[in-house]
Every structure is written in C-alpha cells, then in structure tokens.
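Structure at a glance
Here's the letter readout for the chains.
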Amino acid sequence: MPNITIDGEQYEIEDGQNLLNACLSLGINLPYFCWHPAMGSVGACRQCAVIEYKDFEDQRGKLVMGCMTPIKDGGIYSVSADSAREFRGGVIEDLMTNHPHDCPVCEEGGECHLQDMTEMSGHTLRRYRGTKRTHRNQYLGPFINHEMNRCIACYRCTRFYREYAGGSDLAALGRNNQVYFGREQDGMLESGFSGNLVEVCPTGVFTDKTFSEHFVRKWDLQTAPSICEHCAVGCNTAPGAREPGDGEDAILRRVTNLFNHDINGYFLCDRGRFGYDYVNSEARIKNVLATRTLELIETTAGENEKIHGDMAPRDALQQFADTITAARRGRRRLIGIGSPRSSLENNFALRQLVGAEHYYAGLNARDLQLLHLVDRIQRDPRLYSPTTPQIENADAVLVLGEEIEQTAPRIALAVRQAARNRQKQHAQQLKIPLWQDASVRQLDGSPSPILLVGVDTAGLCDIASEHLPCTAEQTAMFAAAIACRLSGDDSGSPDLPEGLLELADNAAQILAGAERPLIISGCGNRDKATLHGAAAIATALGERTESPCALYLACPEVNSLGIAQLFEPGTGDLEQLAQSLESGEDTGMPVSVVILENDLYRRADAETVEQILAADEVILLDSLLNQTARRADLIFPAAATAESQGSYINSNGTAQRFYAVYEGTGFIQESWRWLSDAAGLCGAKAPSLTALASWRHSTDLSAAIACEFSQMASLADLGPDEDYRIDGLKVARQTHRYSGRTAIHAKAHVAEQPPHADPDAPMAFSMEGIQNAGETPLVANIWSPGWNSNQSIHKFQQEVGGPRRHADGTARLLREPQAMPSWRAPTGSAPRSPAELELVPLYCLYGSDELSARAKAIASVIDEPYAVLSEHDASERAIAAGDSVEIELPEAHFLVRARISTDQPRGTLGVPYGLPGLEELAAYLPGRATLSRLARISSTESGGTAQ
Amino acid sequence: MLASQLRSMWLVFRHLFTRNATVQYPDEKPYLAPRYRGRIVLTRDPDGDERCVACNLCAVACPPDCISLQKTEDEDGRWRPAYFRINFSRCIMCGLCEDACPTYAIQLTPDFEMCEYDRQNMVYEKEDLLISGPGKYHDYSFYRVAGKAIDGKDKGQAQKEAPPIDVKSLNL
C-alpha cells in the first residue's frame, strides 16, 4: 500500500486510485464536477487541481488535476496550497460567468453541487460584468425539466446517459462556448434511467418535474430509509415527505436514490424514481369504507359491484372482530389471501389471524409454483445469486427469456456495464487504470459476450453479441442443449434446428471459456422450463469449474420470494382456494374472505376470482381503490411502503427492512395493525389471536417470523430494533434545518402539537434526536457539512464507491442447500390449431407494475392496450399496424391495437402484462387465444369501408 | 462613610434638574428609524407582481422556525408561494428573513406593536402581509435579473443577457 503525503500529513492508501478519489476517501474536501464515482475521470472541468511536489526540497511544485493523477508511493501533494486554491477559485469563477441568477427559483438550490463547490472554492464575489450566454430549453417529457442556462458543460449527463446507460437521444450539441446538452428535438427522453440525470447533473439543468409540482427544499423533507416497491430488485430509496401546510396531511414529495453497494449503487430506474406518486393518488383509500344498502335511483356501479360509504373505524373493526369470533366458534369460514406486494409482517399477521390452513398466497398456481421453483433453484450449492457489482463483473452473460430492461431495470444497467469487461481487461493489460474513463472507452476490442435468448426487448440489443427472439418452448430447448454440451452428456440434447444448434454450441463454448459467467432468467416467461433450463446451465457450469456459478433469477414483485417462504410448495394458490370454497358450499357455512393488498383480478382467471369474491363477506385491506375493491364489503385503508415499516425479500433472497417515512393520512395504518386491532376486539380467545393482538411493534412480528420460519431467522437481526438509542435518543427523521415547525400548523391551532410517536422504529417524526447517525443504517438524509447535494454520499462510505460505513441492514435467507435434480427439456407441446395464437407476456417499464402505473406522471406515458404479432401472422390475418383487434379467450375478450414486429416469433401474440386496460388478461398468460380484426377505425372515419 | 452617603444624596438631588429620559409610551411614541426591525411585510416589484418566489430561504433562516410557505408555479412561469404564513407569536424580530430574502420581498417595518387577546390572531397569512408597493427598494425586480424565462420576459431578455443561442447554427 503506497504512502503519500498530503499537506504534510502522512497517509497509507489503497493502490491504483487517483488522487481525487484518495482525498475524498480520506475525508479531505476537494472540489470536482466531471468526475463521478461510478463513471470515473475525464479531466474536463479542471476543478480538482492540486499541487504535486517532486520531493521535500521542492517548494514550488506543479499543478496537476487530482482526478487524472495516479497515486504513487511517496508522492507529496498539497490541496490547500495557495496556488492550487487560487487556480480552483479561478476555474469556478469562469464557470460561473454564464450561470444565471436563478438559485431562488431553481429546484436544485439547497442541494446543488455547484453551490457547494463554489462555496468550497471561496468564490463569493462576481467580478464579471459582461453578458451571459443563454439557451432555449426543451420539453423532455413528464419526468425531467430542462433549464439549459444553468449548464456548466461538465459532460456528466451525456456520459451517464449515453455511455453508462446506453441511451442515444441525449447528446452534446453545438460547439465551443455554446455547447448544448439536449435532444435533437423536443420529446420525452427514451432511456428508462433518465431520472438519474437529476442526481448526476451537478447543477439544475435537469430537475425532477414531479417533485417540482409539490416542491420543497431538501432540508424540509422528512426522510427514512426505504425500499422501492415497484420490482423485485429491492433498490434502496430515500423518499421524502412533508405536510402541505394547508391543514391537509403529509404527502410524499419525491424519491431519490439511497446508496446500497450490493444492490442499486448510485442509480435507480425511472419506474422507481417517479412511481412514488401513486401514494398521493386520488384513488387512495383514506377512510374505512363499508357497503351501503341504500336505495339509489341510479348508479354507475356495474352488476355485482358494491356502493361504499365511510364507516367509523371502531364500528368496522367491531364488525371484523365479530366475523373472527364467529369463525373461531365454528359458525363461519374465515379465509385469508396474502399478497406478494405486501410486507412479510403484514402477510404473517394475516396468516396468524386466519390460521395457516386457511391462508392463501394470493397468486394463481402457475405463479406460485414459479416462485417456489426460484426458491428451490437458489438453494442449489452449485450456484449463487450475484450482487449488482458481481453482475457488473461478469465476463459472459446469458439472458434467458427475461426482459430484464422492463422487469428488473437496475439489473439490466449492471449487465450493460458487464459488456465492457473485455475492454477493461484490455486496459489492464495496457496498464491503463480503469478510472481513466475516456481512455478505456477508446480501446478497441470486441465487447464481452452478452447473449439474449427468447427476449423480445430491444433495450439491450445494442450490447448483445447474439440476440435470438424465440418462443418460451424454444428457449427451454436451447437452454437444455447448452446444458448438455456443458455437462458433456449429449444423450438428452433436444432436437433443435441447425442454426440454433450452432448457436447453442457457440454459447456453450463462450460460457465454458468465461471466468465469471452469469446466467440471468426469471419468472417473466411464466414458464417453469425456462427456469429449469437456466438452472441446468448454471449447475453444469458450477460443476465444470467446481465453484458456484452466478445465476440471477428475477421475480415479478417486491416480496415475491418472501411470500413463497410462507408456503410449502404445492399449497396456497387461488385455484385451490376456489376449489375448497366450491366443495365447502354444501356445509352452508357462511364464508368471509380477508384480502390483503391484492387485486385478485390481476391474479387469477375470471372463474376463480368470481368463485372467491362470491363469498358472503369480502374484507379488503388496500391502499388504492381497484377492481377488487368494488366487490368488497369492508375496506380498510392500508399504509403504502413509504408509510409503513416491514421487510421485503428481493430476487436475490436478501431480506431488507424499510422504515416509515411519514405517518399515513386519515385512518391509514399498516395492514397488520388493522388485523391486530380486530384480533384485540375479538370475543373468542385463542393463543394465536392473543399473540396477534399483543404485538405492538413491527419488529415484534419480524421476530415472530424469524422464530416460526428457520430460513428467515436472520429477520430478527435485520436492523436496529425499536428500543435502539444513541446517547439515549432516537434518530431524527427531519433535518436540523427543517423549517416552519412553529408555523406550518399554525393556521389551525397556533399552539404546537407534539409530533406523532413512532412505535416501530428507533426514529422520531421530528427534528429531535440524533441528526447524523452515519454509523447506522437509519440515515436517509445524505448530507454533510459543506456537501448539501447527494454527492456527499462518500462521507457515508468506507471508501469512495465502497459499502456504507455501518452494516447495511440486509440479511440473506438461510435456506438449506439442496441440489437440483437433473432436468430434461420437455419435448413438444400440445398441437395448436392454426387459428389460435400463443399468448406470451411482454413487459413494460411503465404500466406492467400495478402501483407505479397509478402515479400521475407515469400514467401519462403508459401505452394504450396493444398486442404485438409477427409479420407473417399479421399478413395471414390481413392485419395492419394500428388496427383495432380483439383477443378472444373462452371467458373474456380484450380490445387492443395491433403492432407488428419482426422480433415476435411466428404463431405468438405478445401482450403487455398488467397494462392498464389489460390487467385481467395477465392471469391468462401464457395461453392461447384467437385474434379477430375489428373495423379499421381510421379508415371508417375517412370514409373507407369497414371490414 | 458619611461622605459617601452625602455624595449619594447630592447625586440624587442633582437629577431633579436633568431631563426626563422616560417616554410615556403608548401616549407618547418613541422615534423609530425607517429601517427599524419590526414586523415583516411582503412587497411587490415595480410592476406590481408579488416579489416572493417561494425559495424557502427565509423559512430556513428563521431561528424560531415561525415562517412556513409552499412553492407553486403559475401559468406565467413565475414561482409564487401558495401560502405564506408567519406565526408572529413566535417571531423574535431578528430580521434574518429579510437578510436571507434574495428578492427583497421580505422587508421589516417599524411596526412592532402587535398585541392580541387571542394568540391565534398573531398568525399572519400572505394576504395579511402583502403591501402594494416595492418598499425600500424601488427598482428591483428579481425576474429582470434571473435567467428563467417567464411570460413577458423571454430567454435573453434579462439584464446583461445575450440572445439565446441557435444550436443549429455554426456557432463560430
């Protein structure tokens, strides 16, 4: 480890860094703009200048750029030398000559890297008296606001957008002092990672439009560490909330990235960043609702749908408790339906209330079996679930039948970095340090092999060395063929067409030759064979190299793997429930169904859902009004992720705890509290009910889960528990600069009210308490003196880019290792009539996820219902792109717009999963349907003939 | 000992002939300079528009945290406070909000006499604070200096601004 001297102090540091990196890791403040910990150095902004001395005799030294200077043993540097300070001050003075006088009306103000660096450089007085350069802004879509005047031309935006995230529609245009960062013309930014520009841009050129609608400064946000609930990757987020001040309750204002070294690093996808707004949606349930039996003259409610009115929570709970009592006394059947989008604690509370034998997962058989299969595969000791840095490090990647760009976007971003590994290797051979970003990217050499098989997405095509769109069946056969070649056992190799065989040979060779191969698959195909195939390849690779092979299996929802842990394989699906309800009809016993945060219409076919919702009493706990809510007799308002505490298990089998950012509005509380309250009011006394009623803290439930399920034993030590204190104090959720404490509620009552108490977390809903608990995982307000922007994250890391200082509050599931049995690809499927098309799910970043689709900004960019068919099928049916077509299933039919794609395999019809308007189709995927064309709307309007 | 007492008595006696320093407030008002730091007002720019752009700097500078506001953006592109509230029952009249205000919207006035039987009446809203003039700074208009475009002031039309760049030109 080299020894260096900075300003007379001796330091021992890691080799291979640049000086800027080393200074920041050592806690020395050195201003910078163009350097980014995830993107390396380009030496463009000249802001991190320091003096390097030849030896101790040298008094003068020379000026070098910190970010471009490799550390050398015995090096002598000075950050605080006058000449270096003057130089940095001069650079920033130049950068500021054109900067507009905008800070008061700029969303970045108060968390602006440019403000911080200007302060740090000591440039306080503007001497420039000339004119300022100005630019026109562009419309960049509903997420990002553009204010080009504020640009300092550090090139971070295009480096992130184009080079890191693979976007192509944002570029540096123009030249010299007039360079412009924007699109060729107005329009929404195409990349699904555009939201990161808000954090990457050191000034206010790109700001969060959704945040601006209910803007407050960073210091006025109340924050807590949370987890993104919009997919199963489990990215850590820092949502911020604040009361509006007009007497209404707090609203969620925005979501920013919260660094977690092993999961999301510095970046989030746009679904995660802008999907938060569903919490503030008009459709939010804030009061207890109960059916009304009023005589109405007319209603818009459909057949079977119920009309609701507010009910006092106490009465509703009493009604709920009576149901439970009746069930306990054997006069009523009480069924509980859980949900993969609710926390483990909520699901466990429901299981406790109704009893394990009456508790169902809220998924259809196919989906639940897939999750159990993922769980089973991940237990195999020959493979492991890679973290994001491990994915970025892979030197060969095979993606099997999973549209990761849409279902696990953060993982796709990591795969994009993996594509550069050969280039990085080449750089290392040439002794070019990897942080020399521009030099490394100039190196020739083929990109690392990325094979996309059975994936329709165009998102990763630009980095794919092979892209093979094919059906799920072919994907599985292809996987089986690779696995056979890898294990050297050719007997089970399935019959593949010649072209595919060659490709399989090729793929097997690439994977076998790779040092760190990675297989990615998931539940996206909703096909077990795909998962089996991925597992077979990974295990074969693991056996070959005698070290575990990386296999990432993407699950569909935030707690999918968590809910699978609560059930034995083969039990708990909705079909079983429907069946048992049907067989129980003879007993004549009334049935009550408690549905936990779940829209059943998205989960199972119409018949099953009808069977379940025909129950005598339907009790729903949910956050948003949905189709299921229309059928419920009693609806309790459930807390959203940002309003509650609990645990989720991500696709990797990592359990993480999230904390409540703010108290929910109205009567909103966590679902488990409603259940616990109802159990408390219940007349019948049973040990399970008493236990449920006695739980006071979310952590009590976590401990109970850890106790009951051995694989989740680590849940008990996930993070600081409710009784944790630092110097006898809780951690404050509000910053020390939180403003308006004595005025915000003053309109209603001038005397201040005490803050809400938080019974669940060692955190307070106020400014009181420990402000900067950097050594705990409880800090979500990334701030440090002099570093107001999110760039201050390095003050919370062990070293720049490294893990955070404290234990990160995550724990892997402790599953018993169990090798997968050998597997052979299924041969041939049932023949399909020529009129039928195979329905295959497609996924959309905006729309496939139930909750984020209800956020205002995201809802505005969701596509109309559509379906994609191959050119061949389209011409056979005389369907043109844009035609209105009807997907006909035996039980339902859906009206969509036709799209035609060359990538869509023949005989298949791609339908977007869960897209608003097609939610109920999700349960039928994959399946078969016929397609018929309706009148061509555009041509009828223009007077053409309808066919 | 005796000398000291005599001296004290002499001093007290002498004060019978000096001018009285006590002001008979409230019958008699003391002189307060125009820049005396009393109750705040919200001023308007020379065009008569609200000067406050809801930047929140006054709120964060306020030691007793007695200012609260919410930014909203109008159709014309200007930022304005949707509400601006100050709880004068907490205000210590320190003037830090005036210091922090980047648009000269907040100005302190010599009025400090705010007595109420009901403390609730000490809560002032934007409507109570807005005056119709520019206060001490007659000519200053923030948006004429700022780079942000608003209705009636396009890019390049603020003070010391060059006309907007046409990216598609040669830019020589």
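Keep in mind that what you see is a predicted model, and the values were worked out from it rather than measured.

Our next topic: the overall build of chain B. On a plain count of helices and strands, chain B comes out with five helices and six strands. Reading the helices (α) and strands (β) of chain B from amino to carboxyl end gives α-β-α-β-β-α-β-β-α-α-β. In terms of overall size, chain B is more extended than a compact globule, its C-alpha atoms giving a radius of gyration of 25 Å where 172 residues would be expected to give roughly 16 Å. Principal-axis analysis of the C-alpha atoms gives chain B an extent of 100 × 45 × 30 Å. The proportion of buried residues among the 172 residues of chain B is 31%. If you take every contact in chain B between residues at least 6 apart in sequence, the share linking residues at least 24 apart comes to 69%.

All right, on to the overall build of chain A then. A count of helical and extended segments in chain A gives 27 helices and 38 strands. Within chain A, contacts between residues separated by at least 24 positions form 73% of all contacts whose residues are at least 6 apart in sequence.

Counting from both sides, the interface comprises 38 residues of chain A and, opposite them, 41 residues of chain B. Of the residues forming the side of chain A that touches chain B, the biggest block, three residues, is contributed by strand 6 (residues 132-134) of chain A. For the side of chain A that touches chain B, the residue count by class is 13 nonpolar, 14 polar and eleven charged. Of the strand pairs in this sheet, strand 6 of chain A and strand 6 (residues 161-164) of chain B are connected by two bridges, and their pairing is parallel. By the bridge assignment, A:Thr134 is partnered in strand 6 of chain B with B:Pro164.

Residue and element names in this part refer to chain A. Per-residue confidence for chain A gives a mean pLDDT of 91, with 97% of residues at or over 70. The secondary-structure element of chain A with the lowest mean pLDDT is helix 27 (residues 937-941), recorded at 45, while strand 10 (residues 206-208) shows the highest, at 97. Counting contacts from residues 938-947, a segment whose pLDDT is below 50, to residues more than four positions away or on other chains yields eight contacts.

Let us now look at the pairing of strand 23 (residues 517-522) of chain A. Residue and element names in this part refer to chain A. Taking burial as the measure, the six residues of strand 23 include six buried ones, the bulk of the element. Residues Pro517, Ile519 and Ser521 line one face of strand 23 and the alternating positions Leu518, Ile520 and Gly522 line the opposite face, and both faces are buried. Bridge count between strand 20 (residues 396-400) and strand 23: four bridges; the pairing is parallel. Among the inter-strand pairings, Ala396 is bridged to a residue of strand 23, identified as Pro517. Taken together, the five bridges between strand 23 and strand 24 (residues 549-554) define a ladder with parallel strand orientation. Counterpart to Gly522 in the pairing with strand 24 is Ala554. Chirality of the crossover, the property in question, places the unit of strand 23, helix 18 (residues 528-545) and strand 24 among those that are right-handed.

One key point about sheets: their strands pair by backbone hydrogen bonds, in either a parallel or an antiparallel sense. Ordered in space as 33-37-34-36-35-38 (chain A), the six strands form a closed barrel in which the pairing is mixed. Geometrically, the sheet is characterised by an average inter-axis angle of 45° between neighbouring strands, direction not taken into account.

All names here are of chain A. Where helix 9 (residues 344-354) meets helix 22 (residues 671-681), the closest approach of the two axes is 8 Å, and the angle between their N-to-C directions is 25°. Accordingly, the angle class assigned to the pair helix 9 and helix 22 is roughly parallel. Between helix 9 and helix 22 the crossing geometry is left-handed. Contacts between helix 9 and helix 22 involve Glu345, Asn346, Ala349, Leu350 and Leu353 from the first element and Ser671, Trp672, Leu675, Ser676 and Ala679 from the second. Of the residues contributing to the contact of helix 9 with helix 22, the split by class is six nonpolar, three polar and one charged.

Another point: the pairing of strand 28 (residues 646-649) of chain A. All names here are of chain A. Along strand 28, one buried face is formed by Gly646 and Tyr648 and the opposite face, lined by Ser647 and Ile649, is buried too. Sheet analysis places strand 28 next to strand 29 (residues 654-658), joined by four bridges and oriented antiparallel. What sits directly across from Ile649, in strand 29, is Ala655.

On to the environment of A:Glu919. All names here are of chain A. Considering the arrangement of structural elements, one finds Glu919 in the loop between strand 37 (908-912) and strand 38 (927-933). Accessibility expressed as a C-beta count within 10 Å gives 21 for Glu919, which makes it buried. Considering only alpha carbons, one finds Glu919 and Ser848, 71 residues apart in sequence, at a separation of 8.6 Å. Every residue in contact with Glu919, bar those within four places of it in the chain, is listed here: Tyr601, Arg602 and Gly914.

A separate point is the environment of A:Ala923. Assignment of secondary structure puts A:Ala923 in the loop between strand 37 and strand 38. Apart from residues no more than four positions distant in its own chain, A:Ala923 is found in contact with A:Asn364, A:Arg602, A:Arg603, A:Ala604 and A:Asp605.

Residues and elements named next belong to chain A. Reading across from one edge, 19-24-23-20-21-22 is the order of the six strands in this open sheet, with parallel pairing throughout. Either end of the sheet is taken by a strand with one partner, and the two such strands are strand 19 (383-384) and strand 22 (466-468). Summarising the sheet, strand 21 (residues 450-453) and strand 22 pair through three bridges and their orientation is parallel. By the bridge assignment, Leu451 is partnered in strand 22 with Glu466.

Definitions and cut-offs
Residues numbered from 1 in each chain as written. Chains lettered and ligands numbered in written order. Predicted model: local features only at pLDDT ≥ 70, side-chain atom pairs only at ≥ 80, totals over all residues. Helix = DSSP H or I, 4+ residues; strand = E, 2+ residues; numbered from the N terminus. Rg over C-alpha atoms; globule rule 2.2 N^0.38 Å. Buried ≥ 20, exposed ≤ 12 C-beta atoms within 10 Å, placed from the backbone. Contact = placed C-beta atoms within 7 Å. Nonpolar A, V, L, I, M, F, W, Y, C, P; charged D, E, K, R; others polar. Pairing = 2+ DSSP bridges. pLDDT = per-residue confidence, 0-100. Right-handed = clockwise from strand over helix to strand, strands pointing away. Axes fitted to C-alpha atoms, helices over the stretch in contact; angles between N-to-C directions. Parallel < 35°, antiparallel > 145°, perpendicular 65-115°, else oblique. Left-handed = near helix turned anticlockwise from the far one by under 90°.

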